[in-house]
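Structure assessment
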Amino acid sequence: MAHTGHTRNTVSMRRALRREAPSTIGLLADEQDFAAMRRYRTFTFDDHAVYLQQVESLLKTLAAQGMHTTLALFDPDDYAEFCAETGLDADAGASRSRFTAEIAAAGATVAYTGQPLSELIPLLVSRAVRQATWEYATLLLADLGPCADCGQDIGRAAFDRASHLLTRLLETAGPGTHHLVCSTPTEKDQLLAVLHTHRDGSGPARLDTSEGAEFATVLAVAVALESRGGVVLRTTAPDTPDRVHGWRLAHGALSPLTAGEVFNAYCTDAETGEPVSPESGVEYCAGFDIGADEAQRHH
């Protein structure tokens, strides 16, 4: 009987440890990625819809067992490259598991808290895009090197400048819920960063630190490259219409747009150039002055 009790205690401890060991699922979010994985014999799914149903069932099962589970995007091309670099057999479940652990440690993840997969997938894709944008912008800044005149790191100086501009913008915006968008073109892509903040009364703005860093990094690229960067701010406050303000980046400073320029920017389709109907209950306003100071520029 003592042996049986010891065995039960061991099993109980293992179950407890299992509940405290987090799980990660590498998700094939779209049909194209799913189809790419079907070339592997050990990947046994043949229908993407059924696969997503099985993932959701697994998430619910793990949650019912008291386990914390996160989702990460599984990219077949990155997986094949990972296996080639590490010498792993790509057609093996253990290799997929190891790759999933790698991307969860360094990539974008979303925690499962009972929400349906249809809500999780757009959130996960959005976070992955955010991270890829931030990594690309960071590399761009790092590759700029030192200023030929003063020796200061151009990327670091641009980031400091962008952080200062963002701080001044949030300070001047006042109370309310603020939604900021920064966009700037590069040689390869149009970089876009989004930031949500809230401010009560005269207190400081509350924001997600990672979102703030991503926004400042994209703004820093516009500062460093002196590209056609722009910032749009939408403010929501109780009992008042939403207000939209806009600025263009010029010579390391945010230059306010006129109300007409903000209206045109907001009410024009970015891809087709066709006009878009203005939203009801929205005021299109000129950008406000965030305070003039001497911009730091490097060539």
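Throughout what follows, the structure given in this document is the object of discussion. (Residues numbered from 1 in each chain as written. Predicted model: local features only at pLDDT ≥ 70, side-chain atom pairs only at ≥ 80, totals over all residues. Heavy atoms only, no water.)

1. Some words on the packing of helix α3 (residues 48–64) against helix α6 (residues 117–142)
- In contact at an axis separation of 11 Å, α3 and α6 are set at 100° when each is read in the N-to-C sense. Here α3 lies roughly perpendicular to α6, going by the angle between them. Counting all contacts with α3, which are made through Leu 52, Val 55, Glu 56 and Leu 59, the residues of α6 involved are Leu 117, Leu 120 and Ile 121.
- Residues of the contact of α3 with α6, tallied by class, amount to 6 nonpolar, no polar and 1 charged. (Axes fitted to C-alpha atoms, helices over the stretch in contact; angles between N-to-C directions. Helix = DSSP H or I, 4+ residues; strand = E, 2+ residues; numbered from the N terminus. Parallel < 35°, antiparallel > 145°, perpendicular 65-115°, else oblique. Contact = heavy atoms within 4.5 Å. Nonpolar A, V, L, I, M, F, W, Y, C, P; charged D, E, K, R; others polar.)

2. With respect to the nonpolar core
- Residues Leu 180, Phe 215, Leu 219, Val 231 and Trp 247 are the most contacted members of the largest nonpolar core, which totals 31 residues.
- Among the elements of the structure, α6, α7 (154–173), β4 (176–185), β5 (190–199), α8 (209–225), β7 (230–236) and β8 (242–250) are those that each provide at least two residues to this core.
- Within the second largest apolar cluster, 27 residues are counted, among which are Ile 25, Leu 28, Leu 59 and Cys 83. (Core = buried A, V, L, I, M, F, W, Y, C linked by side-chain atoms within 4.5 Å. Buried < 20%, exposed > 50% of the residue type's maximum accessible area, 1.4 Å probe, protein only.)

3. Observations concerning a negative patch on the surface
- A cluster of acidic residues, Asp 30, Glu 31, Asp 46 and Asp 47, forms a negative patch at the surface.
- Summarising the element assignment, Asp 47 is placed in the loop between α2 (31–37) and α3.
- Given a relative accessible area of 33%, Asp 47 falls into the partly exposed group. (Patch = residues over 30% accessible without salt bridge, like charges linked within 9 Å, V, L, I, M, F, W, Y side chains within 5 Å. Areas by Shrake-Rupley, 256 points an atom, 1.4 Å probe, with all protein chains shown as cover. Salt bridge = Lys/Arg side-chain N within 4 Å of Asp/Glu carboxyl O. Lys, Arg positive; Asp, Glu negative; His and termini not counted. Charge placed at Lys NZ, Arg CZ, Asp CG, Glu CD.)

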